[in-house]
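Close look at the chain arrangement
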Amino acid sequence: TKITGTFLDDAADSEIQAFYLVNPTTGAHSVVATHSGGGSPDAGLMVFSLYNVAQTNPIGAVDLLTATGVADLNNSIITQFANSWLLQGVETDSGASVPNFSPDSGQTEETDSIGGSGAGDYVQAGYYRATTTAGTYNMDLTDTDAGQSNQVIIEVKVVGAATTTS
């Protein structure tokens, strides 16, 4: 199920999309992404697997941020639930040869990578943090290469106290 997404159709063609799958069967699964929009964007794929999340209406607050030439990707989200997960995906066409994101306090990096044929193609990264109460949480990143960026933050409702991510 698609949650949200954005596509910047310009010289860099930058895109980020977010989807979820509730309660898949046990075992290995394939994730296939096919771009059908205009242009030919740089592409990467991140998958978060969560345990003990709500099986009905698992998605709370959602926020998108698009920026060009901005080093500080300051973004906050107002959560709907206490003890939820915040998942953050960011993609940038920055001219970097290595990922150069510095996350805000409280965020944990899940993944980062650079793709394409060389420096300047794209960088993607994924972060998460646990909330304690419903309210405002900052999910800020500093991109030392300040390129064109897309960012999505998704709140996932947790059931029970034990949560894991992989």
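Residues numbered from 1 in each chain as written. Predicted model: local features only at pLDDT ≥ 70, side-chain atom pairs only at ≥ 80, totals over all residues. Heavy atoms only, no water.

A closer look at the pairing of strand β13 (residues 148-156)
Note the following rule: Only protein chains enter the accessibility calculation, which uses a 1.4 Å probe. A residue is then buried if its area is under 20% of the maximum for its type, exposed if over 50%, and partly exposed in between. Helix and strand assignments come from DSSP, with helices taken as H or I runs of at least 4 residues and strands as E runs of at least 2, each series counted from the N terminus. Two strands qualify as a pair provided DSSP detects at least 2 bridges between them.
Among the nine residues of β13, nine are classified as buried, and the element is accordingly described as predominantly covered. Residues Gln148, Asn150, Val152, Ile154 and Val156 point to one face of β13 and Ser149, Gln151, Ile153 and Glu155 to the other, with burial holding for every one of them. The sheet contact formed by strand β4 (residues 59-68) and β13 spans eight bridges and is antiparallel. Among the inter-strand pairings, Thr66 is bridged to a residue of β13, identified as Asn150. One ladder, built from nine bridges, connects strand β7 (residues 85-93) with β13; its direction is antiparallel.

With respect to the nonpolar core
Operational definition: The criterion is simple. A nonpolar core is a set of buried Ala, Val, Leu, Ile, Met, Phe, Trp, Tyr and Cys residues joined through side-chain atoms within 4.5 Å. The contact rule is simple, with two residues in contact once any of their heavy atoms fall within 4.5 Å.
Of all hydrophobic cores here, the largest spans ten residues; its members are Ile16, Ala18, Val53, Trp85, Leu87, Tyr128, Val152, Ile154, Val156 and Val158. The dominant element in this core, judged by the number of residues it contributes, is β13, at three residues. Among residues more than four places away in sequence, those in contact with Ile154 are Ile3, Ala18, Ile59, Ala61, Trp85, Leu86 and Leu87. Residues Ala67, Val90, Ala125 and Tyr127 belong to the second largest nonpolar core, which totals eight residues.

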